[in-house]
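Letter by letter, the chains look like this.
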Amino acid sequence: MILLFAKILACVIAIFVLAKTTHDFWKKKESLFMFAFWYILWWGVIVLTLFPKLIDMIFGQGRSGVNTFMGLVIVLVLYLVYRVYLKSDRTERALHQLIKELAIKLPKDD
């Protein structure tokens, strides 16, 4: 039951982030490189969530409840990193725009 809940939660978070990053890319709020990075990363989360046997093939270990919990924690931390990235990127863009406007308005000192 917990495994099913973890899979659903991870997929919902990944789909939400995919929709958000696609929307931001269409609105020109995100670069192509960052869009591709987050898109590939979150599709990887979905694939590994739906096919956990791939993790077993890569690492050669059996699954347990602790592995499921740790996987969910990694997905949540990854989501938090994504949110921090969005906030810092928007702050940087706003600051850049403000500096540009101030530079245009202020007279040059010679």
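Residues numbered from 1 in each chain as written. Predicted model: local features only at pLDDT ≥ 70, side-chain atom pairs only at ≥ 80, totals over all residues. Heavy atoms only, no water.

## Comments concerning a nonpolar patch on the surface
At step 1: A cluster of nonpolar residues, Phe 69, Met 70, Val 73, Val 77 and Val 81, forms a patch on the protein surface that exposes about 430 Å² of accessible area.
At step 2: On the secondary structure map, Val 73 appears in helix H4 (residues 65-105). (Patch = residues over 30% accessible without salt bridge, like charges linked within 9 Å, V, L, I, M, F, W, Y side chains within 5 Å. Areas by Shrake-Rupley, 256 points an atom, 1.4 Å probe, with all protein chains shown as cover. Salt bridge = Lys/Arg side-chain N within 4 Å of Asp/Glu carboxyl O. Helix = DSSP H or I, 4+ residues; strand = E, 2+ residues; numbered from the N terminus.)

## Considering helix H1 (residues 2-26)
At step 1: In a regular helix each residue adds 1.5 Å, so 25 residues correspond to 36 Å; H1 covers 36 Å between its end C-alpha atoms and thus fits that length.
At step 2: Every buried residue belonging to H1 is among Ala 6, Ala 10, Cys 11, Ile 13, Ala 14, Val 17, Leu 18, Thr 21, Thr 22 and Asp 24, and all of these are buried. (Expected span 1.5 Å × (residues − 1). Buried < 20%, exposed > 50% of the residue type's maximum accessible area, 1.4 Å probe, protein only.)

## Some remarks on the confidence of the model for the protein
At step 1: Looking at the protein, pLDDT values average 84 and 88% of them are 70 or higher.
At step 2: Within the protein, helix H3 (residues 53-59) has the poorest average pLDDT of any element, 71, and helix H2 (residues 32-50) the best, 89. (pLDDT = per-residue confidence, 0-100.)

## Things to note about the nonpolar core
At step 1: By size, the foremost hydrophobic cluster in this structure holds 14 residues, and its most contacted members are Trp 38, Trp 42 and Val 75.
At step 2: Broken down by secondary-structure element, the contributors of at least two residues to this core are H1, H2 and H4.
At step 3: The residues touching Trp 38, leaving out its near neighbours within four places in the chain, are Thr 21, Glu 30, Leu 78, Val 81, Tyr 82 and Tyr 85. (Core = buried A, V, L, I, M, F, W, Y, C linked by side-chain atoms within 4.5 Å. Contact = heavy atoms within 4.5 Å.)

## With respect to the side chain of Asp 24
At step 1: Within the secondary structure, Asp 24 sits in helix H1.
At step 2: Residue class for Asp 24 comes out buried when judged on its relative accessible area of 2%.
At step 3: When residues no more than four places from it in sequence are discounted, the contact partners of Asp 24 are Lys 29, Glu 30, Tyr 82, Leu 86 and Arg 90.

## Examining the environment of Thr 91
At step 1: Mapped onto the secondary structure, Thr 91 falls in helix H4.
At step 2: Within the local environment of Thr 91, its side chain forms a polar contact with the backbone oxygen of Lys 87, the two atoms lying 2.8 Å apart. (Polar contact = N/O pair within 3.5 Å; in protein donor to acceptor, adjacent residues only side chain to side chain.)

## Describing the pattern of salt bridges
At step 1: Summed over all chains, the structure comprises three salt bridges.
At step 2: Two residues, Lys 20 and Asp 24, come together in a salt bridge whose shortest N-O distance is 3.5 Å. In this pair, Lys 20 and Asp 24 both sit in helix H1, four residues apart, roughly one turn of the helix.
At step 3: Linking Arg 90 and Asp 24 is a salt bridge whose minimum nitrogen-to-oxygen distance equals 3.2 Å. One end of the pair, Arg 90, is in helix H4; the other, Asp 24, is in helix H1, and 66 residues separate them in sequence.
At step 4: With a relative accessible area of 34%, Arg 90 lands in the partly exposed category.

## Looking at the side chain of Thr 21
At step 1: On the secondary structure map, Thr 21 appears in helix H1.
At step 2: On the basis of relative accessible area, Thr 21 is assigned to the buried category, the value being 0%.

## Remarks on unusual backbone geometry
At step 1: Here Lys 28, not a glycine, exhibits a phi torsion of approximately 65°, which is positive.
At step 2: Turning to its location among the elements, Lys 28 is positioned in the loop between H1 and H2.
At step 3: Residue Lys 28 is classed as exposed on the basis of its relative accessible area, which comes to 68%.

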